[in-house]
Amino acid sequence: MTAVWVSADQERCISGGRCMAATSEVFDQDEDGLVVVLTPQVAPELEDRVRKAAYLCPSRAIRIGDGPSGG
């Protein structure tokens, strides 16, 4: 299984923190509480948790894909 890529749109982020709670290995928040992607290329063992984080995001700021753009 190949790794997936994740990106986040800080302009859409509403600082809910659900992504970080679901997958702190991949997501964090900056000083304004906006999402920061720590690891854009997600290991296969974290893929389910990253997909859950994207699902839980109230502003749909997280994108998952098969390339560096997350698309």
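Here the structure is shown first, and the text comes after it.
Quick caveat, the model's predicted, so the values are computed rather than measured.

**Student:** Looking at this structure, how should I read the sheet that holds strand S4 (residues 41–42)?
**Tutor:** Each strand in a sheet pairs with its neighbour through backbone hydrogen bonds, running either in the same direction (parallel) or in the opposite one (antiparallel). Taken in spatial order, the three strands of this open sheet run S4-S1-S5, and their pairing is antiparallel. Among the strands making up the open sheet, the edge pair consists of S4 and strand S5 (62–65). Sheet analysis places strand S1 (residues 4–8) next to S4, joined by two bridges and oriented antiparallel. Its bridge partner lying in S4, Val4 is registered against Val42.

**Student:** Is there a simple way to think about the nonpolar core in this case?
**Tutor:** Among soluble globular proteins, nonpolar side chains are generally buried collectively. If you look at the biggest cluster of nonpolar residues, it comprises 17 residues, and the most contacted ones within it are Val6, Cys19, Val26, Phe27, Val42, Val50 and Ile62. Beyond its immediate sequence surroundings of up to four residues, Ile62 is in contact with Val6, Ser7, Ala8, Cys19, Phe27, Ala53, Ala54 and Cys57.

**Student:** I would appreciate a short explanation of the pattern of salt bridges in the present structure.
**Tutor:** For the structure shown, the criterion picks out two salt bridges. Note that Arg49 and Glu25 form a salt bridge whose closest N and O atoms lie 2.8 Å from each other. Of the two residues, Arg49 sits in helix H2 (residues 47–56) while Glu25 sits in the loop between helix H1 (18–22) and strand S2 (27–29), which places them 24 residues apart along the sequence. Residue class for Glu25 comes out partly exposed when judged on its relative accessible area of 38%. With a closest N to O distance of 2.9 Å, Arg51 and Glu47 form a salt bridge. One end of the pair is Arg51 and the other is Glu47, both in helix H2 and four residues apart, which spans about a single turn.

Reading the values: rules and limits
- Residues numbered from 1 in each chain as written.
- Predicted model: local features only at pLDDT ≥ 70, side-chain atom pairs only at ≥ 80, totals over all residues.
- Heavy atoms only, no water.
- Pairing = 2+ DSSP bridges.
- Helix = DSSP H or I, 4+ residues; strand = E, 2+ residues; numbered from the N terminus.
- Core = buried A, V, L, I, M, F, W, Y, C linked by side-chain atoms within 4.5 Å.
- Buried < 20%, exposed > 50% of the residue type's maximum accessible area, 1.4 Å probe, protein only.
- Contact = heavy atoms within 4.5 Å.
- Salt bridge = Lys/Arg side-chain N within 4 Å of Asp/Glu carboxyl O.

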